[in-house]
Structures are given as C-alpha cells and as structure tokens.
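Each chain, letter by letter, is given below.
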Amino acid sequence: MMVGEALAERRDVAGRLHALIRRLGPQPLATYMAEALLHPEDGYYRNRDPLGAAGDFITAPEISQMFGELVGLWLATTWQALGRPDPVVLVELGPGRGTLLADALRAARAVPGFQAALRLHLVESSHALRARQRALLGAAVAGWHDRFDDVPDGPLLLVANEFFDALPVHQLVRTDGGWQERLVDSDGDRFTLVTSARPSLLAALVPPELAAAPQGALVEVSPAAIALMATVAGRIAARGGAALVLDYGPGVPALGASLRGVRAHRPADPLQAPGTTDLSADVAFPTLARVAREAGAQAFGPVPQGALLAALGLAQRAERLLARATPAQAEQIRAAAFRLSDPAGMGMAFKALAVLASGAPTPAGFGAGA
Ligand SMILES: C[S@@+](CC[C@H](N)C(=O)[O-])C[C@H]1O[C@@H](n2cnc3c(N)ncnc32)[C@H](O)[C@@H]1O
C-alpha cells in the first residue's frame, strides 16, 4: 500500500509514514517495508544501485563470476532435461546489475540451442538498476516488468537471487488471545513497535509446525512472498519449466524476528531512516515449498547453497579459472569460492529451492534428500 498524496505533508518516506500513522493509527511492518523499499518516487529500490563497495551490500554474483556461471549451467541442463521447450521465457526476479545473467548466459552457450530458445524478461523495480541491466545485457532482453504477473505466458525458467528477502513481512506475536500483529507506531519523530490488541487474520499463514508456539513467540509471515510463489509455481505446473530461488533463511519452520536493516555494509536500525536503508527478512523456505506443492508443482530442497554449488562443480570451475590466473587473481578466485560455499557463512546461511512441474526429473544439485 502506498501512502496517498493527501497524506504527503513531508515529501520523504519517513514523513509520509509518520503522517499515515497519525491519521490511521499503527501500521503493519509490511506497509512500512513496502513504502520504504518500493515507493515509486523515493523508495529504496526505486532510484539507487545499492550493490558493491560504494553501496550497501554485496551479493553472490558480485562476489564471483562462478556463481552466475553455475546457475547458468543449472538452467541450461534443466532446460535439456525438460525436453528443450522452445521458446522458453527466462525470467530473473530482481536482477541487480545483471551480473548473474551475463555470467549465466555466457556459460550456457555450451548447451546447443539454449540461447536461441530464450525470451529474456526481467522483473525490476529500480530505474537505476534497469539502466545497468540494459548496459550489460542490451539486446538480449525482451522486456522489463514491475511485476511477475506481467511476464508473457509460456514455459518458464526463473531465477531469483536475494529477491524474496526484500518482500514485505508481517510480524505476529503469540499472546493468550492468539496471534496478534506487531505494528509500527510513531511518536512524531521516531518509529516504535507496538502489539495490536486484536487477533490477527494473518494467523492463518503461520506454518502448522509453529501453531502451538509458546506465549511471547514471534513469527514472520509474508503474504507477498506466498502470493508470488503461488503464481510462479502455478505457471510452472500449467506450462512447464523450473524456478531456482536462492536466498538466506532457515531450512525448517522457525520462530523469531529476522527483519534487518543494512546501510554501507553495516547493520542499521530498520526503523530509522526508511527509504535510505536496505530492509530484508529471512525467507521462509518451508512455506514457499509448501505453497509450490499446493499450486500443483514439485518442490526440491531447500538445500544449502554450499552443497548446491559443490554439486554443480564449483571446485572444477575454480580450477579452470585458476589455470589461467595471475597470482593475485588466483587468491581472489580461491577466496570467492570459499566465501560462496563456507558452511560457517554463505554456504549454509543461504539455501536453494527448486520448483518444477509434477513428473519432471529431479534437477541437478537437489538429488539426495530432495
Ligand atoms: C538484494 S538485490 C539482489 C540483486 C541481484 N539478484 C544480485 O544477486 O545481485 C534485490 C533486487 O531486487 C529488486 N527488487 C527488490 N524488490 C523488488 C520488487 N518488489 N519488485 C521488483 N524488483 C524488486 C532490486 O531493485 C534489486 O535488483
């Protein structure tokens, strides 16, 4: 929900949110997040490029070309296993600078017919990042969209790295009156959190495994993520294809508040300076897998990112790059391979979930325990 023009007494994100809360009372965190991240004029993900050393954070494709290359080979070999649908709509949700796709498409040239079958569609809210994607991917892109629903129909290959974590979440607290929502209040200057006195209708979205949580327990639910996964999986169930979702979040249903702010590579208070702080929350992979199955598709995983990259050949890919690297480059390649797969870091904190139509074969990297 965006705040209407009538409420825009101060024309920045914080000013509009304070005005909204003054008029309508405390608001869901999801409203606060949507306003802060996606407002069409000055939302965080509207006009800026937040990636890289000069920005707020770094992502796996920006750490090393190996990440996008392995994802590209996953997409191409999955396409082959699905009977080489042609044409196939390749979608990236939130492509950032376009780095993942550039590396993926280069690596996937090895698979005959794949590039020619692709119709590339990008779902991206940021004008600054669309410009970077255009500069890197140019003529390969058939279209940009604000929402997945606007992507043309057809057999689908979809990849989303660090996209679902940016979708708005609600926080529910278990009380003796059931699940009640934590809301954002305003004292005029600062935002604070309060708990609604009424039971929340969103209690229906609490994972069944957490329904008996003790009083005081907190759970995050994301109707936006659930709706998006239902649409993507429904499209795959009906038209065929595959989706690969990579992000951070626990592999089992989990309690607790994970909403976090990041600015200039450091943790920042998510309730301070909305619109200039990156906001994200853990992705509820078990919920996404359940939603995909309910939409008629198969879900594989989540598997740890480190295990997926190892299965897809990270070590071999690194060896090939090392063979023609200078000593300085070699050090970078080894450090990047370790960073992407380290079980004490990204290798375990990040997970991968694959969604395919029913009857499709198990995709590469999701074999054991899928
Ligand atoms: C954390 S960045 C990840 C970028 C890229 N996938 C990577 O790994 O480097 C999130 C990306 O999703 C985009 N984004 C975030 N929320 C969005 C939304 N609701 N709709 C469309 N794009 C969104 C951002 O502009 C950005 O491109």
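On a predicted model such as this, the values are computed, not experimentally measured, just so you know.

## Things to note about the packing of helix α5 (residues 65-81) against helix α6 (residues 99-108)
Working step 1: Two elements in contact, α5 and α6, have axes separated by 7 Å at closest approach and are oriented at 55°. As judged from the angle between their axes, α5 and α6 are oblique. Here α5 runs over α6; the crossing is right-handed. In this structure, α5 uses Q65, F67, G68, E69, V71, G72, L73, L75 and A76 to contact α6, whose residues at the interface are T99, L100, L101, A102, D103, A104, L105, A107 and A108.

## Side note on the packing of helix α9 (residues 223-239) against helix α10 (residues 285-294)
The relative placement of two packed helices is expressed as an angle between their axes plus a distance between the axes.
Working step 1: Running from N to C, α9 and α10 cross one another at 40°; their axes reach a closest spacing of 8 Å. As judged from the angle between their axes, α9 and α10 are oblique. Here the hand of the crossing between α9 and α10 comes out right-handed. Note on element contacts: α10 touches α9 through T287, L288, V291 and A292, opposite A225, I226, M229, A230 and A233.

## A short note on the environment of T192
Working step 1: Counting through the fold element by element, T192 comes out in strand β8 (residues 191-199).
Working step 2: Look past the residues within four positions of T192 in its chain and what remains in contact with it is D185 and D187.

## A look at the domain arrangement of the chain
The extent of an interface is frequently quoted as the accessible surface area lost upon association of the parts.
Working step 1: Under the domain assignment used here, the chain contains domain 1 (5-42 + 170-221) and domain 2 (60-168 + 222-357).
Working step 2: Relative to domain 2, the C-alpha centre of domain 1 lies at a distance of 28 Å.
Working step 3: Elements supplying a minimum of two residues to the side of domain 1 that touches domain 2: α1 (13-24), α2 (29-38) and β9 (218-221).
Working step 4: The element that contributes the greatest number of residues to the side of domain 1 that touches domain 2 is α2, accounting for nine residues.
Working step 5: Taken together, the residues of the side of domain 1 that touches domain 2 sort by class into 20 nonpolar, one polar and five charged.

## With respect to the sheet that holds strand β11 (residues 260-263)
Working step 1: Here three strands make up an open sheet; going across it, the order is β12-β11-β13 and the pairing antiparallel. Across the chains shown, the open sheet's two edge strands, defined by having one partner strand only, are β12 (266-268) and β13 (278-280). Strand-to-strand twist of the sheet, defined as the mean angle between neighbouring strand axes without regard to direction, takes the value 40°.
Working step 2: Taken together, the three bridges between β11 and β13 define a ladder with antiparallel strand orientation. Looking across to β13, one finds that R260 is bridged to S280.

Thresholds, definitions, all that
- Residues numbered from 1 in each chain as written.
- Predicted model: local features only at pLDDT ≥ 70, side-chain atom pairs only at ≥ 80, totals over all residues.
- Axes fitted to C-alpha atoms, helices over the stretch in contact; angles between N-to-C directions.
- Helix = DSSP H or I, 4+ residues; strand = E, 2+ residues; numbered from the N terminus.
- Parallel < 35°, antiparallel > 145°, perpendicular 65-115°, else oblique.
- Left-handed = near helix turned anticlockwise from the far one by under 90°.
- Contact = placed C-beta atoms within 7 Å.
- Domains from an automatic or database assignment.
- Nonpolar A, V, L, I, M, F, W, Y, C, P; charged D, E, K, R; others polar.
- Pairing = 2+ DSSP bridges.

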